[in-house]
Each structure stands twice: as structure tokens, then as C-alpha cells.
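# Breakdown of the fold
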Amino acid sequence: LRWLPEPSLPLMLSRCDQTPKSIESEPFLGNEHAELLEIETSYHQFSSPHKKTSGKLTALNFEISETVNKWQDSIKNGAEDLVITIEEQKIDRPAWQYQLFASDTVFMADDRYVSLRFSRYEFTGGAHGMTYYTSVNYDVQRQAIFENEEIIPSGNWPTDAKRLHTRLERRGGCFPTPSTV
């Protein structure tokens, strides 16, 4: 994408629309509890009543599933390693568990774009857990996830950031948190 005037920013600057158009989403909930392990996930998979559009969402659904599976595998491996260490070293079991809590928020979903953000909390020992945010912006027609540079090119960052910030402030409550641009 080239850097064009303000209306060309498809994901960040398009109209706020909380109701998906011709794209449906179904939440998938997952819970797994074991010794030293607690995992709770909630994420969406997308489809459309239009067969052509629904087929274009396959890559996005795969990417979402693979990402969540990768996070789960990492936490499970850490918990398994801890159990082995406890058994081998004959040490007391810690009072805490490895934890993963992951969910997504869908900001936009229509037959052109899907934009969502994952919130992921992981606790693997220590004083506190860590929270991570991962954004996924998907071009349905290209069947591809946008690279950061496609959304906000770095060519004229100070001017672009001011314009973007002004536009985001006028979104009428579209985003649940204030702009950090």
C-alpha cells in the first residue's frame, strides 16, 4: 500500500462498525487445568454466509488457531518441565501454577477487513505474570495479514501520527481504550 490521504487507512480510519457485515464469528472457549497448569482461552473463528468470502477466511482462522496453540504449548512445556524438576530434585511443589489466560477482542469484521487484538496473560513463576497484546489485521480479499508498514508506513511519522491521533479521538467510543498514538 502507498501512503495516501486520510481516507485510505482501511483499518484504523474506517468508520466504526461494531456489527459485522456478511462475516460471522463464533467464539471458541478452552479450559485446561492440571497439576501446576491453568489455561483459559477464548478466541473467534470467522465465517460468512457467502461461500467465496468464507473461503477467504480460512487463512485467518488457521493463523488464529496456530497462534493460540503455540501459546498453550509453551505454557504446557514449562509446567511439564517444572513437574520433572520437582520429581528429580525431590523438592516441594510451589504454591503457584503456570497460567495462560488469552482472549481476543474483535474491532472490525466485514467482507473487506478483520481487525482484532489478543490479550494474553502468562504466569511462569516469579513475582508476577506478564500481559501481552497482539494485533491481527487481515485483508479478506488478499487473504493476508497486514504488515505494520502497510497500515502505517514510517515515511512521515510525525505528521501521520498527529493526523491519526486526531482521527482516533473522534471515533465515537469505537475503541474500548484511549489512543496511545
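Just so we're clear, the structure is a prediction, and the values are computed from it rather than from any experiment. (Residues numbered from 1 in each chain as written. Predicted model: local features only at pLDDT ≥ 70, side-chain atom pairs only at ≥ 80, totals over all residues. Heavy atoms only, no water.)

### Thoughts on the pattern of salt bridges
One pass over the full model with this rule turns up four salt bridges. Here Glu 32 and Lys 76 are joined by a salt bridge, their closest N and O atoms 3.1 Å apart. Here Glu 32 is found in strand E1 (residues 24-34), whereas its partner Lys 76 is found in helix H2 (residues 58-89), with 44 residues between them in sequence. Overall, Lys 76 belongs to the partly exposed group, its relative accessible area being 24%. (Salt bridge = Lys/Arg side-chain N within 4 Å of Asp/Glu carboxyl O. Helix = DSSP H or I, 4+ residues; strand = E, 2+ residues; numbered from the N terminus. Buried < 20%, exposed > 50% of the residue type's maximum accessible area, 1.4 Å probe, protein only.)

### Things to note about H2
Owing to its 3.6 residues per turn, the α-helix aligns residues three or four sequence positions apart on the same side. When the terminal C-alpha atoms of H2 are compared, their 46 Å separation across 32 residues agrees well with the 46 Å that a helix rising 1.5 Å per residue should span. Phi turns positive, to about 50 degrees, at Lys 90, one or two residues after H2. (Expected span 1.5 Å × (residues − 1).)

### Looking at the confidence of the model for the protein
Per-residue confidence for the protein gives a mean pLDDT of 83, with 76% of residues at or over 70. For the protein, helix H4 (residues 157-169) is the element with the lowest average pLDDT, namely 70, and strand E2 (residues 37-47) is the one with the highest, namely 96. This model gives residues 1-11 a pLDDT under 50, and the stretch forms 24 contacts once residues within four places in sequence are excluded. (pLDDT = per-residue confidence, 0-100. Contact = heavy atoms within 4.5 Å.)

### Topic: the pairing of strand E4 (residues 113-123)
The buried count for E4 comes to eight of eleven residues, which makes it a mostly enclosed element. Sheet topology places strand E3 (residues 98-109) next to E4; ten bridges connect them, and they run antiparallel. Across the sheet, the residue bridging to Phe 101 is Tyr 121, located in E4. The hairpin turn running from E3 into E4, its antiparallel successor, is three residues long. Relative to strand E5 (residues 130-139), E4 is paired through ten bridges, and the arrangement is antiparallel. Each residue of the ladder has a partner; that of Ser 119, found in E5, is Tyr 133. Count of turn residues in the E4/E5 antiparallel hairpin: six residues, of which Gly 125 carries a positive phi of about 105 degrees. (Pairing = 2+ DSSP bridges.)

### Looking at the nonpolar core
Across soluble globular proteins, you tend to see nonpolar side chains buried next to one another. Within the largest apolar cluster, 25 residues are counted, with the highest numbers of intra-cluster contacts made by Phe 46, Leu 57, Leu 60, Val 114 and Phe 118. Residue assignment for this core shows that the elements contributing at least two residues are E2, H2, E3, E4 and E5. When residues of this core are assigned to their parent elements, the largest contribution, eight residues, is made by H2. Residues contacting Phe 46, with those up to four places away along its chain left out, are Ile 23, Glu 24, Ser 25, Leu 57, Leu 60, Asn 61, Ile 64, Val 106, Ala 109, Val 114 and Leu 116. (Core = buried A, V, L, I, M, F, W, Y, C linked by side-chain atoms within 4.5 Å.)

### What to know about unusual backbone geometry
Glycine aside, negative phi is the norm for most residues, and most peptide bonds take the trans geometry. Phi at Leu 36 takes a positive value of approximately 65 degrees, unusual for a residue other than glycine. Note on placement: Leu 36 falls in the loop between E1 and E2. For Gln 143, which is not glycine, the phi torsion reads 55 degrees and is therefore positive. By the element assignment, Gln 143 lies in the loop between E5 and strand E6 (144-145). You can call Gln 143 partly exposed: its relative accessible area is 40%.

### Some remarks on the sheet that holds E2
Within the open sheet, the six strands sit side by side as E1-E2-E3-E4-E5-E6. Their pairing is mixed. One side of each edge strand has no neighbouring strand; the edge strands of this open sheet are E1 and E6. Pairing geometry for E2 and E3, over six bridges, is parallel. Its bridge partner being in E3, Ile 39 is matched across the sheet by Leu 100. Most of the contacts of H2 go to E2, to which it runs at about 175 degrees, and overall it touches E1, E2, E3, E4, E5 and E6. (Axes fitted to C-alpha atoms, helices over the stretch in contact; angles between N-to-C directions.)

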